[in-house]
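What the coordinates show
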Amino acid sequence: MSSSVIGNAPLHETISQAEALKLVKHVSGQDGQLVRYHLRLYNDDRIKKNIGYFQLLLETKLRESSIIEQHSFLVKTISCNNSIAEAEKRVFEHEFNFFHEIVPQLTKHVDVGRWLPKCFLAKRDTLVFENLTTKGYRTRPHMFDEETTRSALRTVARLHASSILAETRLERSLYELYPNAFVDMNFTGHGKNESWYLAAVNAVIKVADNLGLNSSKITAVFDRLQQIATEESEAPLDRRTKWKVASHGDLCENNMMFDNSQPPNCILINFQSVRYVSHAQDILLLLHLCTTRAFRREFEQKLIEFYYSTLRTLSYKYNPAARVLPLDQLKSEIEKERLRAIASAMIYLSSTLLDKRFADDLFENSDKHDKLRYYDRGQQVIELMQRDDIYRQRLEESVKELVDYSQQYV
């Protein structure tokens, strides 16, 4: 066996031989035999923040055959020995809980169409997925056009329909059964999560001031959203579950992969922010992170109706008794959640997307990583806006939209 090392952990502590043998049975059947297996950094990339992304290469053969086949998997793992890994451990555990507890319920007895990657192994420090890139799937880093957006919303509708159908079968809400699997990671929290959130808010204010916009109500917007999130988390169970579904919670362009079909098939990835919330949150976050304001003005209503038609058709196809919210209710929820979506988009653009742009520098310096992520990132945001026209355009449009809505709602 290979002597590969992941962080400070040898290969066999990340993927044991027994676990590798189980994977063999998945891909080659009962006659499959393990020849060897090893891990390598995914796409020759570095470990991203505290979570390592690796490619697991599995060599197998059938009994009585000399032909060796190679199979590729994506492995996500977190090193508990990393000096700054504790800040990310809860996020990684969130995704583990989703695949370990929620996915089996969402996929039981129904097949609404693909919406997530196959997960072959779920441990508290390691997740093993099918390698979608070997099947022609790629992310689309630019703003979505109508066809791409429709494909993404079709997949979101499949996720939400799976949630509705699971609850119809269980006769209880998923939130009631698995309350610890659904956590609002953006507008509530403590410790470093709270510091990360406040750093994002301060960066947004600094950008607005730099653009000569009225930033006086931005803090009040985020304070109000934080208050709403707290109230929702403390509300009676019937209020926390009515017209709610299991939702992805982080539908940026890096968390959706598309193949080359016409129209393209879409699969959602990176379920680290799963929440139990209104349908509207996933819809609006996707639109505000992946399309322009002009695009939304022209296509939003038509796309919402397309999403709803897909959701309703899938839900009733598998269970005519499924409880699907009325279209008028969905549209009402969308208006109610719009400000939260705009604010969430700003948090993403001023934090997660910034981290990706400065990834190489941050990887070398954990102190700089902590400062940028948890304390002061305003200057780096402005510097990146000056260097990257696409980033500048996205941020300027989002800040202007946030300021416009802050004048109306606060």
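A brief structural summary. (Residues numbered from 1 in each chain as written. Predicted model: local features only at pLDDT ≥ 70, side-chain atom pairs only at ≥ 80, totals over all residues. Heavy atoms only, no water.)

**Section: the packing of helix α10 (residues 293-318) against helix α11 (residues 327-350)**
It is the contact of α10 with α11, at a shortest axis distance of 11 Å, that shows an interaxial angle of 130°. Looking at the two axes, α10 sits oblique to α11. When you trace α10 past α11, the crossing you get is right-handed. Residues Glu300, Gln301, Ile304, Glu305, Tyr307 and Tyr308 of α10 touch α11, and the partners they reach there are Leu327, Leu330, Lys331, Ile334 and Arg338. Grouping the constituent residues of the contact of α10 with α11 by class yields 6 nonpolar, 1 polar and 4 charged. (Axes fitted to C-alpha atoms, helices over the stretch in contact; angles between N-to-C directions. Helix = DSSP H or I, 4+ residues; strand = E, 2+ residues; numbered from the N terminus. Parallel < 35°, antiparallel > 145°, perpendicular 65-115°, else oblique. Left-handed = near helix turned anticlockwise from the far one by under 90°. Contact = heavy atoms within 4.5 Å. Nonpolar A, V, L, I, M, F, W, Y, C, P; charged D, E, K, R; others polar.)

**Quick notes on the environment of lysine 25**
If you trace the backbone, lysine 25 turns up in helix α2 (residues 17-28). A relative accessible area of 31% places lysine 25 in the partly exposed class. Expressed as a C-alpha distance, the spacing of lysine 25 and threonine 60, which sit 35 residues apart in the sequence, is 9.7 Å. Setting aside its immediate chain neighbours within four residues, lysine 25 contacts Gln30 and Gly32. (Buried < 20%, exposed > 50% of the residue type's maximum accessible area, 1.4 Å probe, protein only.)

**Considering the nonpolar core**
Counting 95 residues, the largest nonpolar core has Phe98, Phe182, Met256, Tyr307, Leu395 and Leu402 as the members making the most contacts within it. Looking at this core, the element that brings in the most residues is α11, giving 11 residues. Excluding anything up to four places from it in sequence, phenylalanine 182 contacts His94, Ile102, Leu174, Tyr175, Ala246, Val274, Arg275 and Tyr276. Grouped together as the second largest cluster of nonpolar side chains are 14 residues, Leu34, Leu56, Phe73 and Leu121 included. (Core = buried A, V, L, I, M, F, W, Y, C linked by side-chain atoms within 4.5 Å.)

**Quick notes on the side chain of aspartate 282**
With respect to the helices and strands, the residue aspartate 282 is situated in helix α9 (residues 279-290). Buried and unpaired, aspartate 282 has arginine 275 as its nearest opposite-charge partner, separated by 6.8 Å. Looking at aspartate 282, its side chain comes within polar contact range of the main-chain nitrogen of histidine 248, at 2.9 Å. Those residues in contact with aspartate 282 that sit more than four places away from it in its chain are Val156, Leu159, His160, Ser247, His248, Gly249 and Leu251. (Lys, Arg positive; Asp, Glu negative; His and termini not counted. Salt bridge = Lys/Arg side-chain N within 4 Å of Asp/Glu carboxyl O. Polar contact = N/O pair within 3.5 Å; in protein donor to acceptor, adjacent residues only side chain to side chain.)

**A closer look at the pattern of salt bridges**
Per the stated rule, a full pass over the model turns up 20 salt bridges. The salt bridge partner of arginine 36 is glutamate 59, with a shortest N-O separation of 3.7 Å. In this pair, arginine 36 sits in strand β3 (residues 32-41) while glutamate 59 sits in strand β4 (residues 51-62), placing the two residues 23 residues apart along the sequence. Residue glutamate 59 is classed as buried on the basis of its relative accessible area of 16%. Put simply, arginine 172 and glutamate 176 hold a salt bridge, and the shortest N to O gap is 3.5 Å. Residue arginine 172 is classed as partly exposed on the basis of its relative accessible area of 40%. Residue class for glutamate 176 comes out partly exposed when judged on its relative accessible area of 34%. What emerges from the salt-bridge pattern is a single network uniting Arg293, Arg296, Glu401 and Asp404.

**Some details on helix α7 (residues 218-234)**
With 17 residues, α7 should cover 24 Å at 1.5 Å per step; its first-to-last C-alpha distance of 25 Å lies within 8% of that length. Listed in full, the buried residues belonging to α7 are Ile218, Val221, Phe222, Leu225, Gln226 and Ala229. Burial along α7 is one-sided: seen end-on, the buried residues are contained in an arc of 130°. (Expected span 1.5 Å × (residues − 1). Arc of directions from axis to C-beta.)

**Brief notes about the side chain of serine 173**
With respect to the helices, strands and loops of the structure, serine 173 is situated in the loop between α4 (146-170) and α5 (174-177). Among the polar contacts made by the side chain of serine 173, one reaches the main-chain amide nitrogen of glutamate 176 at a distance of 2.9 Å. Contact partners of serine 173, with chain neighbours within four places excluded, come to Glu167, Thr241 and Tyr276.

**Topic: the pairing of strand β5 (residues 69-78)**
Where burial is concerned, most of β5 is hidden: 8 out of the 10 residues are buried. With 5 bridges connecting them, β5 and strand β7 (residues 126-130) associate as antiparallel partners. Bridged to threonine 77 within β7 is threonine 126. (Pairing = 2+ DSSP bridges.)

**Quick word on unusual backbone geometry**
For the bond running from glutamine 262 to proline 263, omega is -5°, close enough to zero to count as cis. Locating proline 263 in the fold gives a position in the loop between β9 (256-258) and β10 (266-268). One non-glycine residue, asparagine 270, adopts positive backbone phi at about 60°. Following the sequence through the fold, asparagine 270 ends up in the loop between β10 and β11 (275-278).

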